[in-house]
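# Coordinates in review
Take a look at the letters that make up each chain.
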Amino acid sequence: MAAASPFSVVFVVVISILGSTGYAQLCPNFYSKSCPKVFSTVESVVESAVSKEPRMGASLVRLFCVYTYLGCDGSILLDDTSSFTGEKTAGPNNNSVTGFEVVDAIKAEVEKVCPGVVSCTDILAIAARDSVVKLRGPDWDVKLGRRDSKTASLSAANSGVIPPPTANLTQLINRFAARGLSAKDMVALSGSIICWKNMIIW
Ligand SMILES: *[C@@H]1O[C@H](CO)[C@@H](O)[C@H](O)[C@H]1NC(C)=O
Ligand SMILES: *[C@@H]1O[C@H](CO)[C@@H](O)[C@H](O)[C@H]1NC(C)=O
């Protein structure tokens, strides 16, 4: 398969996922006054992480939307506390989702330039785009203004919505279909992540 085609479909899929989150007000210049350096700040951390470890690009794309229960809300980032259990250790995610340290590093840099302004889920949205660009995929304008989830649900994440790494083809197709994604979308997203993980694109 040509390397370029999955990227193009990922682009369309990511846009359609963004379109389905229900936030009508997302726009690329959401932080143009409150945090004009957000793009360059995120990009420089992604650049250094992906240069060191190209597979990190795939991890950041995965963190953004595909394998979270509710979608693009950053809920996957929430750590467990004594009174709260998030989704990090859900069956499909435990020991399988990676890249949290890169997100923490990006967040720390963004907080230095504009404290308390940019949501974590917007950081993930920019980092996912920058990862794709670094790995020679297409570029696009990232629409911003998402709010972070304040909650997550271990049981929901374990309820069968998120495809585990062990899912077979039928299960994968069904689980993506439940999110409104076609088999073609599923192949593009999973295939691209696998390609990036294995660096077939090089
Ligand atoms: C997650 O993985 C760790 C390390 O393998 C294991 O100790 C822990 O029990 C797992 N948690 C769940 C909820 O499966
Ligand atoms: C996929 O897994 C499900 C659940 O274990 C099983 O019922 C089904 O037969 C499997 N399908 C294929 C094609 O392996």
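Here we summarise the structure given alongside this text. Nothing here was measured: the structure is a model prediction, and the numbers come from that model. (Residues numbered from 1 in each chain as written. Chains lettered and ligands numbered in written order. Predicted model: local features only at pLDDT ≥ 70, side-chain atom pairs only at ≥ 80, totals over all residues. Heavy atoms only, no water.)

## Quick word on the overall build of the protein
- When helices and strands are tallied, the protein shows eight helices and zero strands.
- When the helices and strands of the protein are listed from N to C terminus, the series reads α-α-α-α-α-α-α-α.
- The proportion of buried residues among the 202 residues of the protein is 46%.
- If you take every contact in the protein between residues at least 6 apart in sequence, the share linking residues at least 24 apart comes to 74%.
- When the accessible surface of the protein is split by element, carbon and sulfur atoms take 57% of a total near 9900 Å². (Helix = DSSP H or I, 4+ residues; strand = E, 2+ residues; numbered from the N terminus. Buried < 20%, exposed > 50% of the residue type's maximum accessible area, 1.4 Å probe, protein only. Contact = heavy atoms within 4.5 Å. Areas by Shrake-Rupley, 256 points an atom, 1.4 Å probe, with all protein chains shown as cover.)

## A few points about the site of ligand 1
- Close to ligand 1 lie Thr89, Asn94 and Asn95.
- The contact in question runs from an oxygen atom of ligand 1 to an N or O atom on the side chain of Asn94, over 2.4 Å.
- A distance of 2.9 Å separates an oxygen atom of ligand 1 from a polar atom in the side chain of Asn95. (Near = heavy atom within 4 Å. Polar contact = N/O pair within 3.5 Å; in protein donor to acceptor, adjacent residues only side chain to side chain.)

## A short note on the state of the cysteines
- In total, this model carries one disulfide according to the counting rule given.
- The side chain of Cys35 participates in a disulfide bridge whose partner is Cys114; the two sulfur atoms lie 1.7 Å from each other. Of the two residues, Cys35 sits in the loop between helix 1 (4-19) and helix 2 (38-52) while Cys114 sits in the loop between helix 4 (100-113) and helix 5 (120-134), which places them 79 residues apart along the sequence.
- Cys114 gets classed as buried once you look at its relative accessible area, which sits at 5%. (Disulfide = S-S within 2.5 Å.)

## A word on the site of ligand 2
- By nearness alone, every residue bordering ligand 2 is listed as Asn168, Thr170 and Gln171.
- In the environment of ligand 2, an oxygen atom lies 2.3 Å from a nitrogen or oxygen atom belonging to the side chain of Asn168.
- In this structure, an oxygen atom belonging to ligand 2 sits 3.5 Å away from a side-chain N or O atom of Gln171.
- Protein contacts shield 28% of the accessible area of ligand 2, which totals 360 Å² for the unbound molecule.

## So, the packing of helix 4 against helix 5
- Between helix 4 and helix 5, whose axes approach to 10 Å, the crossing angle comes to 110 degrees. Considered as vectors, helix 4 and helix 5 are oriented roughly perpendicular to each other. With respect to the hand of their crossing, helix 4 and helix 5 are arranged in right-handed fashion. Taken together, the residues of helix 5 that come into contact with helix 4 (itself represented by Val103, Ile106, Lys107 and Val110) are Cys120, Ile123, Leu124 and Ala127.
- Here the contact of helix 4 with helix 5 is composed, by residue class, of seven nonpolar, no polar and one charged. (Axes fitted to C-alpha atoms, helices over the stretch in contact; angles between N-to-C directions. Parallel < 35°, antiparallel > 145°, perpendicular 65-115°, else oblique. Left-handed = near helix turned anticlockwise from the far one by under 90°. Nonpolar A, V, L, I, M, F, W, Y, C, P; charged D, E, K, R; others polar.)

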